[in-house]
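# A structural walkthrough
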Amino acid sequence: MKTWTVITWTLLYRLVKLLVAFISSSLLAKTIEKRSGKKRLKGITIGAIIIVTIALYELIRLVDWNYYQFTFQGLSQQVILARYVYSISWRLAILVSGIGLLYLNERARKAIIFLACFQILTIPWKHPLFVFKHLVFTQSHPGEAVHPWVPWVGFLFFSAFDLITAFLVIYYFNRPLIKQEFMKK
């Protein structure tokens, strides 16, 4: 198969998984709002849906143990397994906190801020550059020229995405109006 065909199908497959996660998160938000009878600010609802969607998408992605092993194959089996367990636990903590945000739970607000701060501190561990180099060079065809900057693009994109997301979460959920919404009983 040609490289662009593989890339197109891979992106389409990921888009379908993202849509499933988004639809599930949106339905969950509606259901919780109806059952709890609490009206949330739209920003809280949108933020929580985004957080839950990303957590669900990444959990769905983690189901493929073989791909996870392939991605980190430069590491020992024990380290790969530890990273895998950590990754699943991390996504579950984000998912539970995101659902708690939908219930306007103050502990969930504090937890998501803590998780965002922790994410900023662990970016180099979450996105090691060697993984991007490995993926680019193992997925290119023999004789195909791969520019040395290509792994850096992936590394910078995913690191920047995580940093921006974390800073936005910290900023938004620390705003006085938002804190006040979570304090109401």
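Just so it is clear, the structure is predicted and the values come from calculations on it, not from any experiment. Along each chain, residues carry numbers from 1 onward, in the same order as the chain's sequence is written. This being a predicted model, a pLDDT of at least 70 is required before a residue's local features are given, and a value of 80 or more before pairs of side-chain atoms are given or counted; all residues contribute to the totals for chains, interfaces and linings. In computing side-chain values, all of the structure's heavy atoms are included and hydrogens and water are not.

### Description of the overall build of the protein
Selection rule: Helix numbering and strand numbering both begin at the N terminus, where a helix is a DSSP run of H or I of at least 4 residues and a strand a DSSP run of E of at least 2. When a residue's accessible area, from a 1.4 Å probe over protein chains only, is under 20% of the maximum for its type it is buried; when over 50% it is exposed; and in between it is partly exposed. We call two residues in contact when some of their heavy atoms are within 4.5 Å. Working definition of accessibility: Shrake-Rupley area with a 1.4 Å probe, residue cover restricted to the visible protein chains.
Within the protein, the secondary structure is distributed over 9 helices and 0 strands. Going through the 185 residues of the protein one by one, you find that 37% of them count as buried. For the protein, the share of sequence-separated contacts (at least 6 apart) that also reach a separation of at least 24 residues comes to 72%. Of the roughly 11800 Å² that the protein leaves accessible, carbon and sulfur atoms contribute 72%.

### A few points about a nonpolar patch on the surface
Our working rule: To count toward a patch, a residue needs a relative accessible area over 30% and no salt bridge; like charges are then connected within 9 Å, while nonpolar side chains (Val, Leu, Ile, Met, Phe, Trp, Tyr) are connected within 5 Å. Put simply, a salt bridge is a Lys or Arg side-chain nitrogen that is within 4 Å of an Asp or Glu carboxyl oxygen.
The grouping of Trp9, Leu12, Leu15, Val16, Leu18, Leu19, Val20, Phe22, Ile23, Leu27 and Ile60 at the surface amounts to a nonpolar patch, some 1000 Å² of accessible area in total. Sorting elements by how many residues they give to the nonpolar patch places helix H1 (residues 3-36) first, with 10 residues. If you trace the backbone, Trp9 turns up in helix H1. Trp9 gets classed as exposed once you look at its relative accessible area, which sits at 54%.

### A word on the pattern of salt bridges
A side chain with one charge can pair with a side chain of the opposite charge if their charged atoms come near. Scanning the model with the defined rule gives 4 salt bridges in all. Lys126 is paired through a salt bridge with Asp162; the nearest N and O atoms lie 2.7 Å apart. Here Lys126 is found in helix H6 (residues 123-126), whereas its partner Asp162 is found in helix H8 (residues 150-173), with 36 residues between them in sequence. For the pair shown, Lys126 and Asp162 are each scored as buried. The network of salt bridges with shared partners includes Glu106, Arg109 and Lys110.

### A few points about unusual backbone geometry
Trans peptide bonds make up most of the peptide bonds, and negative phi angles are found at most residues other than glycine. In this model, Leu104 sits at a positive phi of 60°, which is unusual for a non-glycine residue. Structurally, Leu104 can be placed in the loop between helix H4 (77-102) and helix H5 (106-121). Take Leu104: its relative accessible area is 8%, and that puts it in the buried class.

### Remarks on the packing of H4 against H5
Heads up, the condition is: Here the axes come from fitting lines to C-alpha atoms, over the contacting stretch only for helices, and the angles between their N-to-C directions go from 0 to 180 degrees. Crossings are classed by handedness, with left-handed meaning an anticlockwise turn of the near helix from the far one by less than a right angle and right-handed meaning a clockwise turn. Three residue categories are used. Nonpolar comprises Ala, Val, Leu, Ile, Met, Phe, Trp, Tyr, Cys and Pro, charged comprises Asp, Glu, Lys and Arg, and polar comprises the others, including Gly.
H5 packs onto H4 with a crossing angle of 145° between their chain directions and a minimal axis gap of 8 Å. Like other packed secondary-structure pairs, H4 and H5 cross with a definite hand, here left-handed. Here Tyr86, Trp90, Ala93, Ile94, Ser97, Gly100 and Leu101 of H4 lie close against H5, whose contacting residues are Ala108, Arg109, Ala111, Ile112, Leu115, Phe118 and Gln119. For the contact of H4 with H5, the class distribution of residues is 10 nonpolar, 3 polar and 1 charged.

### Quick notes on the environment of Ile60
Structurally, Ile60 is set in helix H2 (residues 42-62). Residue class for Ile60 comes out partly exposed when judged on its relative accessible area of 34%. Measuring from C-alpha to C-alpha, the distance between Ile60 and Ala21 comes to 8.6 Å, with 39 residues separating the pair along the chain.

### Re a positive patch on the surface
The cut-off we apply is this: Charged residues are defined narrowly, with Lys and Arg counted positive, Asp and Glu counted negative, and His plus the chain ends left uncounted. Working definition for charges: the position is that of NZ of Lys, CZ of Arg, CG of Asp or CD of Glu.
Together, Lys30, Lys34, Lys39 and Lys42 make up a region of like positive charge exposed at the surface. Along the polypeptide, Lys42 turns up in helix H2.

### Here's the deal with H4
This is how the line gets drawn: Given a helix with a known number of residues, its expected span is that number minus one, times 1.5 Å.
If you check H4, its first and last C-alpha atoms are 38 Å apart, about what 26 residues at 1.5 Å a residue would give, namely 38 Å. Just beyond H4, the residue with positive phi is Leu104, at close to 60°.

### Examining the nonpolar core
Applied cut-off: Take the buried residues of types Ala, Val, Leu, Ile, Met, Phe, Trp, Tyr and Cys, join any two whose side-chain atoms come within 4.5 Å, and each joined set is a nonpolar core.
Ranked by size, the top nonpolar core spans 27 residues in total, and within it Ile51, Ile94, Leu101, Ile112, Phe173 and Phe182 carry the most contacts. By residue number, the principal contributor to this core is H2, which donates 7 residues. Setting aside chain neighbours within four positions, we find Phe182 in contact with Ile44, Leu101, Leu104, Asn105, Glu106, Arg109 and Phe173. One finds Tyr68, Phe72, Tyr84 and Val131 within the second-largest nonpolar core, a separate group that totals 6 residues.

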